[in-house]
There are 6 protein chains.
Amino acid sequence: MIRHGIPQDLTKYQNKAHVLVEAFPYLNRFRGRIVVIKVGGEILLDQQGAENFARNIALLNSVGIKVVVCHGGGPQISSLMRELGKEPTFLEGQRITCRDTLEITSMVLLGQVNRKLVSLVNKFGSQAVGLSGVDGNILQVRKLDERLGYVGSVELVRCEPIQMLLAGGYIPILSSLGSDGKGESYNVNADIAAGEVARSLHAEKLVVLTNTEGLYENFDQKQGLISEIDLSSLQTLKEQGAFSAGMIPKIDSVITALQGGVSTAHILDGRTDNVLLLEIFTQQGIGTMIFP
Amino acid sequence: MIRHGIPQDLTKYQNKAHVLVEAFPYLNRFRGRIVVIKVGGEILLDQQGAENFARNIALLNSVGIKVVVCHGGGPQISSLMRELGKEPTFLEGQRITCRDTLEITSMVLLGQVNRKLVSLVNKFGSQAVGLSGVDGNILQVRKLDERLGYVGSVELVRCEPIQMLLAGGYIPILSSLGSDGKGESYNVNADIAAGEVARSLHAEKLVVLTNTEGLYENFDQKQGLISEIDLSSLQTLKEQGAFSAGMIPKIDSVITALQGGVSTAHILDGRTDNVLLLEIFTQQGIGTMIFP
Amino acid sequence: MIRHGIPQDLTKYQNKAHVLVEAFPYLNRFRGRIVVIKVGGEILLDQQGAENFARNIALLNSVGIKVVVCHGGGPQISSLMRELGKEPTFLEGQRITCRDTLEITSMVLLGQVNRKLVSLVNKFGSQAVGLSGVDGNILQVRKLDERLGYVGSVELVRCEPIQMLLAGGYIPILSSLGSDGKGESYNVNADIAAGEVARSLHAEKLVVLTNTEGLYENFDQKQGLISEIDLSSLQTLKEQGAFSAGMIPKIDSVITALQGGVSTAHILDGRTDNVLLLEIFTQQGIGTMIFP
Amino acid sequence: MIRHGIPQDLTKYQNKAHVLVEAFPYLNRFRGRIVVIKVGGEILLDQQGAENFARNIALLNSVGIKVVVCHGGGPQISSLMRELGKEPTFLEGQRITCRDTLEITSMVLLGQVNRKLVSLVNKFGSQAVGLSGVDGNILQVRKLDERLGYVGSVELVRCEPIQMLLAGGYIPILSSLGSDGKGESYNVNADIAAGEVARSLHAEKLVVLTNTEGLYENFDQKQGLISEIDLSSLQTLKEQGAFSAGMIPKIDSVITALQGGVSTAHILDGRTDNVLLLEIFTQQGIGTMIFP
Amino acid sequence: MIRHGIPQDLTKYQNKAHVLVEAFPYLNRFRGRIVVIKVGGEILLDQQGAENFARNIALLNSVGIKVVVCHGGGPQISSLMRELGKEPTFLEGQRITCRDTLEITSMVLLGQVNRKLVSLVNKFGSQAVGLSGVDGNILQVRKLDERLGYVGSVELVRCEPIQMLLAGGYIPILSSLGSDGKGESYNVNADIAAGEVARSLHAEKLVVLTNTEGLYENFDQKQGLISEIDLSSLQTLKEQGAFSAGMIPKIDSVITALQGGVSTAHILDGRTDNVLLLEIFTQQGIGTMIFP
Amino acid sequence: MIRHGIPQDLTKYQNKAHVLVEAFPYLNRFRGRIVVIKVGGEILLDQQGAENFARNIALLNSVGIKVVVCHGGGPQISSLMRELGKEPTFLEGQRITCRDTLEITSMVLLGQVNRKLVSLVNKFGSQAVGLSGVDGNILQVRKLDERLGYVGSVELVRCEPIQMLLAGGYIPILSSLGSDGKGESYNVNADIAAGEVARSLHAEKLVVLTNTEGLYENFDQKQGLISEIDLSSLQTLKEQGAFSAGMIPKIDSVITALQGGVSTAHILDGRTDNVLLLEIFTQQGIGTMIFP
């Protein structure tokens, strides 16, 4: 078998080589390190975006980065509640969670969102394994506020099952439920859970995917996009009320992680294709980077 | 600190010692071995029975037996379907599973039954971790029959995530969903899944908990309770039509396991308290034991 | 092959299950831990009691408890001395040990008592291995008192050979001889040796088998059986002269062990069948427990 | 610290992401695998090309590919010979190597070429370690032809020192000297040495860098550039005399490697920047690929 | 601190260097290998010879040779029997062993000979550990001949306790008692035991120390000292009746070992100082070497 | 096969045994320990002495001592310089090293001296592997003095490649070149390099071979040979100017090593056969021993 070619001008491919030359030091730096990625239920609403996200996750894993995904499922929970004749109610941005709502939340998170994320990632290998914070009492919680019902505040993270799966080359995908250790499950804010998990795992990075380009100094008018900010400046801005209510748990998640030793946190636009690859492997400034 | 006692007649406690003398050889024999236990969704309908089951599972784990639980959730699935306005339909005993039914099945199995079993066991420790056959493509399936829709037939069992958790001292609790590896999930008969998992894990025992005392030679009239039976006799009885339709998947599960090298299989009455402890640690003949 | 049974009332076996439910937490707690058991030569005088003791030792080992037996051989030594025409003499309860007596002691301990204990335990497996404190200079001693001759006081315990055997699943059975490291052997009190060995091994428990039900506050009249006592109360009682001369080495052994970090010590009646199983695996208060 | 950015159009960076998506599967496939790269002394004649080569080597190593470099030093040897007043002579393309010439060859290969390659690669880390085939008798040789003097034919490759360095994350850079095991060193053709080393290491790839674009079917007129060719076609072409004398050792090296189980061999143009990165991590057809 | 010396003529020490140059290849060859040494009770009758033997054993161990000593105790057993008023009786060279004789044998072997050998070796370190074939049922035996009483024939050697001690750097010293696994001990010929142990341990060498210079072709007249002999010639000589009755068990021991894969066996004169060092580390032909 | 021998008088070989009895404790003490040996290029000028040295190195390695050889090549460098028409020049005993001289130095050290030492040692096995301080940037240097040109002062020793080879049973032979980590090589005094390497490796011994019998208190007249000296006395003598210029780097090497934790240093006469064996394995006082 002989196949002929024509002499090639390889100089036109040098840009490819330069991307690799740019990317490889990051590869080397992040291989074996843990990156915790928070994603909302919205990711599943756009099938193509969801597949792109899943392929990114699988690629990160394939090059030796230890990826942990932490997800919520707000839109899907509200949708099933309405289908079952229950109107969602909120108190200061948190879902009021009676026992029925908890059951619906659990079914949506574990039976819908988690399973679908696992299935999507596993199209690119067999590496994703779904967990919830109830498994192995990973997220040990206590009741946050009587008025909210079964909403939990994280007291303790037991990382062993996550670390065991990471050591085996798997990608743990964690639903934000918690357990009180006495047989009762609780709804946990997924942003908060991601920050706690990143801290406990001594992650290298926490990435919070959201639907804005990053943090703005004037959030309402989306003006003053922040490219980099340190932790104390972020806390100052938060105290000044710069951020919307929906952004607060993400800010708190970032603060928890950085205070706990995570090297950098990132708030990125989850609607951009390949945003994870671009953030990790290029020098492009993307979204908002927060450092200690 | 001094506390006085009165001289005791320890002879009256010798029966305790004799139970231990009886039990310890089994302990020694089964420590480090894998026991796969199939349980139906019915187990959760009786809170006290469910707790007793969970405590038994935790005790087996605490003495070094590697326990894998495989569960279904028939009654709960039908119940949620009706709540959402869908009437369950069956073909030759198998649930016809359209896409909506699959979603409901997934939500019930993962979000209800699995999570509750995990929570109950974790009241006695933090060792249970829920999985489904979609995780890590543990149960790789293909469509069983076009008429049944999303019902899968097991083609391959990938044991690594289960073995990793067992090696870490955890109790994997597996929902009987499968994956086609291309992003689609399937409903899998839980009895069949248990047999396949037992075979793949080279389990020592498969225990199928059901709501009869064991196998009867005349099943309709519950006459002729079978205490022990070998594999070929079981296959003969099956061919003679001795068993009811509902018993057939359990029989097939046992056959799969024993043909695959599992040492013994047991069909036991799940309604009896401590039936697992009694079967494993005493010389009492309980339910039906099937051997190769 | 089909064997039929009759439907059983398993409720009548629930007491067996309850014994296991009571015992398993202890199993879990003591597995992998070291229990040092002191036994006198008297144990061999009753063949049935000796077999019961050996079976208990083998059972403890079979469930993963690391058992070390430390024994003496008083009656047998005196008996052989008389057979060889020498009258045993004692000074303050200690055997005066000339060179001939030392040879006799060595022959009885190693050639009779140790070998027979090893043989009895090995009827229930092949796990016992006999040692003396001369092996690997396990018990390094110096002369205790010129008037006593070859009676040694323990200066150093070298645990390695014992730990190596324990790690291999064996049951070391140790004769209470010691070595001065210069080629000379010495007689060592077996109670004292047991306490020193328990301390050096960081044992979980020291069990001293004797022929009373435990400690009595008034030892002479065997009144006031002590069920539990702490270390400082025990020392006070000892200073008050509450204990007989024969009991003093056992008390000292317990003190050595507890001061060295052993969790609990027990003085039990070696004449009771299964006293080891009952002490370790039941909630029955047995004999005297001493805690730090 | 706050640094602002302007909202970015990340779509323009998607081509970077696509390069990574293209490259990562290769990364995954070649990580931990061995790639043997043959390079001539010419590489050092162009400082910039040499640095580019060294950076490529360091990048491959940094992403987990196990790189072994095998080099010659023809131009430098002839140059030093002339400086010392000796005229190079050749027989059928092989350098006639008297004892003095061997000393000069050894000094040039080890003291000049090897050391400079090591130094250049170590500018990008500290990973390169120079070796010759005399070290650990890696290349055990016998005299090839009396007329050639100290020119060796490889009889045995002892890989241990190379594998030890690879396991430690180092990049072995091997000079093509050999040893007869009796204290005598020999000059070895570097192409041949590379093929033997690739075979012995069970390398995944052998890359022979040369100064043409690849193999031509008509080598003299550089017509008919071969893109892919299988081993038997290559052997046929060789027998038909298609290749120049200088190309023969490279062809033989490829044949040795592929017959010994190396997956693919490549003849590439060493003058092209980043040719190693482009070959390994892109789908561009580059140079000539030979497969078994 | 300064200490002056006078210029030395080191050439006069070159003979020391030559001994080392001669010895080191043997060191290298035997390090980590097992050498089983059979010694009779006679060794203890000469205190200086016994110390020399013990120092040799300790030296072999100190340079990494794994030494196992297997001993009997004939003279000492007969002596204690007479002291206790029993006359030793023999049948075809084997001691008739009633139960009392067995007890005496056990006491002498374990309590006298073994302990003293252990003590002597431990003067040069703490490495010797005494065992008997009853420990861990190392020597599993059955009754050899009803007429002989408690004399055992080796059925099975369980090496684990010996190998565990060797792996830990200890020197196992084994008394030739065996066990029937049912609680009964038996007297075993020490020569035979040594051969069986050497075979089971896949020893490199079996050394049988005796009180002649080696094997003679004409044993009675001690003529025709055999320097080397192969296994089949040895068997032929044995069949021709060349050897005395006392030599037969030694011959059989050698045959067992060599047939079981031991590389060489040696019959050496135990009365010669340092005979073990000379045999192993010099090229001197010593005693009789038997090879397969 | 039978070979006869004549009865031997083994007493005449007892002196061999006594050498071993003397040597084995040293074997035991130095096995697994690192000995760094500095040798000059002069060693190669006498072929027989070189072979004797190589055999000694191979023997030390064969008995488990981890040997590192560090060499220079003064005479050979000057010789090649002259051959290439350059006159060697020195400043305060250090060679002035322009770029050309560096190239010559590198070629001589790596291509001549190192390769020949490796070849000689490998005649006695395949264990020697040549390295220079440029490999893996083992010797990281900075320029010592502008006037000296490419002469480096050691800033950091990276031991990993050396330790990796030692762990694999190899003998690293190190040329005294260094690297500035930016691609430039430097000449390093071999005595100094040896001391730095010994310190970094936590060597047990540093042996500096030279061509005198040791240190003299009056070096010029070679009077007052010092047998033993402690570090502070050595420093005092040095400050008093007792030593010749050529001896100073050796003295400094010894000081560096001892201050860094090396147990003893030795200055020995490299012209004496087997001087390494005699120093390490006998009680003869040889050369000068320096201790902390």
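It should be noted that the structure appears before, not after, this text.
Residues numbered from 1 in each chain as written. Chains lettered and ligands numbered in written order. Predicted model: local features only at pLDDT ≥ 70, side-chain atom pairs only at ≥ 80, totals over all residues. Heavy atoms only, no water.

Engineer: Quick rundown of the overall build of chain A? Include the residues and the values.
Structural biologist: Each helix and strand counted, chain A has 9 helices and 16 strands in total. Relative to a compact globule of 292 residues, whose C-alpha radius of gyration would be 19 Å, chain A shows 20 Å and is just as compact. Judged by the C-alpha coordinates and their principal axes, chain A covers about 75 × 50 × 35 Å. Looking at chain A as a whole, 63% of its 292 residues qualify as buried. The contacts in chain A between residues at least 6 apart in sequence include a share of 72% that link residues at least 24 apart. Here chain A displays about 10,500 Å² of accessible surface, and carbon together with sulfur accounts for 47% of that area. (Helix = DSSP H or I, 4+ residues; strand = E, 2+ residues; numbered from the N terminus. Rg over C-alpha atoms; globule rule 2.2 N^0.38 Å. Buried < 20%, exposed > 50% of the residue type's maximum accessible area, 1.4 Å probe, protein only. Contact = heavy atoms within 4.5 Å. Areas by Shrake-Rupley, 256 points an atom, 1.4 Å probe, with all protein chains shown as cover.)

Engineer: Tell me about the relation of the copies chain D and chain A, residues and numbers included.
Structural biologist: Here chain D sits on chain A after a turn of 180° about the axis and a move of 0.1 Å along it, with an RMSD of 0.1 Å. Here the copies are linked by what is in effect a two-fold axis. Interface overlap between copies: 100% of the residues of chain D at the interface are likewise at the interface in chain A, consistent with a symmetric, same-surface contact. (Least-squares fit on C-alpha atoms with pLDDT ≥ 70 in both.)

Engineer: Go over the interface of chain B and chain C with me, naming the residues and quoting the values.
Structural biologist: Taken together, the contacts link 51 residues of chain B with 51 residues of chain C. Interface area for chain B against chain C, summed over the two sides, is near 4,600 Å², with a carbon-plus-sulfur share of 62%. Together, Met1, Lys16 and Phe24 of chain B form the three largest contributors to the area buried by chain B at its contact with chain C, with a combined 14%. If you look at where chain B meets chain C, you find 4 salt bridges. (Buried area = accessible area lost by both parts, 1.4 Å probe. Salt bridge = Lys/Arg side-chain N within 4 Å of Asp/Glu carboxyl O.)

Engineer: Tell me about the packing of aromatic side chains, and name the residues and values.
Structural biologist: Within a pair of aromatic rings, the relevant descriptors are the distance that separates the centres and the angle that separates the planes. Going through the model one piece at a time under the given rule, you end up with 12 aromatic pairs over all chains. Residues Phe24 of chain A and Phe281 of chain D carry aromatic rings whose centres are separated by 5.1 Å and whose planes lie at 75° to one another, so their mutual orientation is edge-to-face. Taken together, the residues Phe24 of chain A in helix α1 (residues 14-30) and Phe281 of chain D in helix α9 (residues 275-281) connect one chain to another. An angle of 55° between the planes, with centres 5.5 Å apart, marks the rings of Tyr150 of chain B and Tyr186 of chain B as tilted. (Phe/Tyr/Trp six-rings, centres within 6.5 Å; stacked < 30°, edge-to-face > 60°.)

Engineer: I'd love a proper account of the packing of helix α3 (residues 74-83) of chain E against helix α4 (residues 99-122) of chain E, names of residues and values included.
Structural biologist: Residues and elements named next belong to chain E. At a closest axis distance of 9 Å, the pairing of α3 and α4 adopts a crossing angle of 125°. Classified by the angle their axes make, α3 and α4 are oblique. As for the relative orientation of α3 and α4, their crossing is right-handed in sense. When α3 is examined against α4, the residues Gln76, Ile77, Leu80 and Met81 are found in contact with a partner set consisting of Thr101, Ile104, Thr105, Met107, Val108, Leu109, Gln112 and Val113. Residue composition of the contact of α3 with α4, grouped by class: 8 nonpolar, 4 polar and no charged. (Axes fitted to C-alpha atoms, helices over the stretch in contact; angles between N-to-C directions. Parallel < 35°, antiparallel > 145°, perpendicular 65-115°, else oblique. Left-handed = near helix turned anticlockwise from the far one by under 90°. Nonpolar A, V, L, I, M, F, W, Y, C, P; charged D, E, K, R; others polar.)

Engineer: Mind laying out the interface of chain D and chain A, listing which residues take part and the relevant values?
Structural biologist: With 52 residues of chain D at the interface, the matching set in chain A holds 52 residues. In this assembly, chain D packs against chain A so that about 4,600 Å² is buried in total across both faces, 62% of it on carbon and sulfur atoms. Of all residues in chain D, Met1, Lys16 and Phe24 of chain D bury the most surface against chain A, accounting for 14% of the area lost on that side. Taken together, the links from chain D to chain A amount to 4 salt bridges. Note that Glu22 of chain D and Lys16 of chain A form a salt bridge whose closest N and O atoms lie 2.7 Å from each other. Joining chain D to chain A, the criterion identifies 20 residue pairs in polar contact (both at pLDDT 80 or more). Of all the secondary-structure elements, those providing two or more residues to the side of chain D that touches chain A are β1 (2-4), α1 (14-30), α2 (47-62), β14 (223-230), α7 (231-239) and α9 of chain D. (Polar contact = N/O pair within 3.5 Å; in protein donor to acceptor, adjacent residues only side chain to side chain.)

Engineer: How would you summarise the pattern of salt bridges if you had to cite specific residues and measurements?
Structural biologist: Here the structure, examined in full by the defined rule, presents 108 salt bridges over all chains. For Glu51 of chain C, the salt bridge identified is with Lys123 of chain C, shortest N-O distance 2.7 Å. With Glu51 of chain C in helix α2 (residues 47-62) and Lys123 of chain C in the loop between α4 (99-122) and β6 (128-132), this residue pair connects regions lying 72 residues apart in the sequence. In this structure, Glu184 of chain D and Arg99 of chain D form a salt bridge, with 3.1 Å as the shortest nitrogen-oxygen distance. Of this pair, Glu184 of chain D sits in the loop between β10 (177-179) and β11 (185-187) while Arg99 of chain D sits in helix α4 (residues 99-122); the two residues are 85 residues apart in sequence, bridging distant segments of the chain. Salt bridges sharing common partners tie together Arg29, Arg33 and Glu204 of chain A.

Engineer: Describe the environment of Lys205 of chain B, with residues and values.
Structural biologist: All names here are of chain B. Take Lys205: it is sitting in strand β12 (residues 205-210). On a C-alpha basis, the gap between Lys205 and Val67 in space is 9.9 Å, while along the polypeptide they are 138 residues apart. Within the local environment of Lys205, its side chain forms a polar contact with the side chain of His266, the two groups lying 3.1 Å apart. A distance of 3.2 Å separates a polar atom in the side chain of Lys205 from a polar atom in the side chain of Glu279.

Engineer: Would you mind going over the relation of the copies chain B and chain C in detail, with residue names and values included?
Structural biologist: When chain B is fitted to chain C, the best match, at an RMSD of 0.1 Å, comes from turning it 180° and sliding it 0.0 Å along the axis. Counting the interface residues of chain B, we find that 100% of their copies in chain C are interface residues as well, pointing to one common contact surface.

Engineer: Go over the nonpolar core, please, and point to the residues and values.
Structural biologist: Of all hydrophobic cores here, the largest spans 615 residues; its most connected members are Phe281 of chain A, Phe281 of chain B, Phe281 of chain C, Phe281 of chain D, Phe281 of chain E together with Phe281 of chain F. Excluding its chain neighbours within four sequence positions, the residues that come into contact with Phe281 of chain A are Glu22, Ala23, Tyr26, Leu27, Leu60, Val63 and Ile65 of chain A together with Leu20 and Phe24 of chain D. (Core = buried A, V, L, I, M, F, W, Y, C linked by side-chain atoms within 4.5 Å.)

Engineer: Can you break down unusual backbone geometry residue by residue, with the values?
Structural biologist: The phi angle at His202 of chain A is positive, at roughly 50°, despite the residue not being glycine. Under the relative-accessibility criterion, His202 of chain A is labelled exposed at 63%. For Asn137 of chain C, which is not glycine, the phi torsion reads 50° and is therefore positive. By secondary structure assignment, the location of Asn137 of chain C is in the loop between β6 and β7 (139-143).

Engineer: So what's going on with the pairing of strand β15 (residues 264-269) of chain B? Which residues, and what values?
Structural biologist: Residues and elements named next belong to chain B. Burial runs high along β15: 6 of the 6 residues are buried. Of the two faces of β15, the one lined by Thr264, His266 and Leu268 and the one lined by Ala265, Ile267 and Asp269 are each fully buried. Inspection of the sheet shows β12 paired to β15 by 6 bridges, in the parallel sense. Looking at β15, one finds that Val207 is bridged to His266. Of the pairings in the sheet, the one linking β15 to strand β16 (residues 288-291) comprises 3 bridges and is antiparallel in character. In the sheet register, Ala265 faces β16, and the bridge partner there is Ile290. (Pairing = 2+ DSSP bridges.)

Engineer: Please set out the packing of helix α7 (residues 231-239) of chain F against helix α8 (residues 248-259) of chain F residue by residue, giving values where relevant.
Structural biologist: Residues and elements named next belong to chain F. Where α7 contacts α8, the axes come no closer than 11 Å and their chain directions differ by 150°. On the basis of their axis angle, the class for α7 and α8 is roughly antiparallel. The handedness of the crossing between α7 and α8 is left-handed. From α7, Leu231, Leu234, Gln235 and Lys238 reach across to α8, where they touch Ile248, Ile251, Asp252, Val254, Ile255, Leu258 and Gln259. The residue makeup of the contact of α7 with α8, split by class, is 7 nonpolar, 2 polar and 2 charged.

Engineer: Outline the state of the cysteines, supporting the account with residue identities and numerical values.
Structural biologist: Residues and elements named next belong to chain C. Scanning all chains against the criterion turns up 0 disulfides over all chains. Not part of a disulfide, Cys159 finds its nearest cysteine sulfur in Cys70, a span of 12 Å. Residue classification places Cys159 among the buried positions, given a relative accessible area of 7%. (Disulfide = S-S within 2.5 Å.)

Engineer: Before we move on, could you go through the side chain of Ser62 of chain E and cite the residues and values that matter?
Structural biologist: Following the sequence through the fold, Ser62 of chain E ends up in helix α2 (residues 47-62). Polar side-chain contacts of Ser62 of chain E include one of 2.8 Å to the backbone oxygen of Leu59 of chain E. Apart from the residues within four sequence positions on either side, Ser62 of chain E is in contact with Phe24, Asn28 and Arg31 of chain F.

Engineer: Would you mind going over α1 of chain A in detail, with residue names and values included?
Structural biologist: Across its 17 residues, α1 of chain A extends 25 Å between first and last C-alpha, which sits within 8% of the 24 Å expected from 1.5 Å per residue. The largest bend in α1 of chain A comes to about 30°, at Ala23 of chain A, with the proline Pro25 of chain A one to four residues further on. Gln14, Lys16, Ala17, Val19, Leu20, Glu22, Ala23, Phe24, Tyr26, Leu27 and Phe30 of chain A are the residues of α1 of chain A that are buried. Tucked into the core, α1 of chain A has its buried residues touching β12 (205-210) and α9 (275-281) of chain A together with α1, α2 and α9 of chain D. Looking at the residues trailing α1 of chain A, positive phi occurs at Gly32 of chain A, about 80°. (Expected span 1.5 Å × (residues − 1). Bend = angle between axes of the 7 residues up to and from the residue.)

Read these as spatial facts, not as claims about activity.
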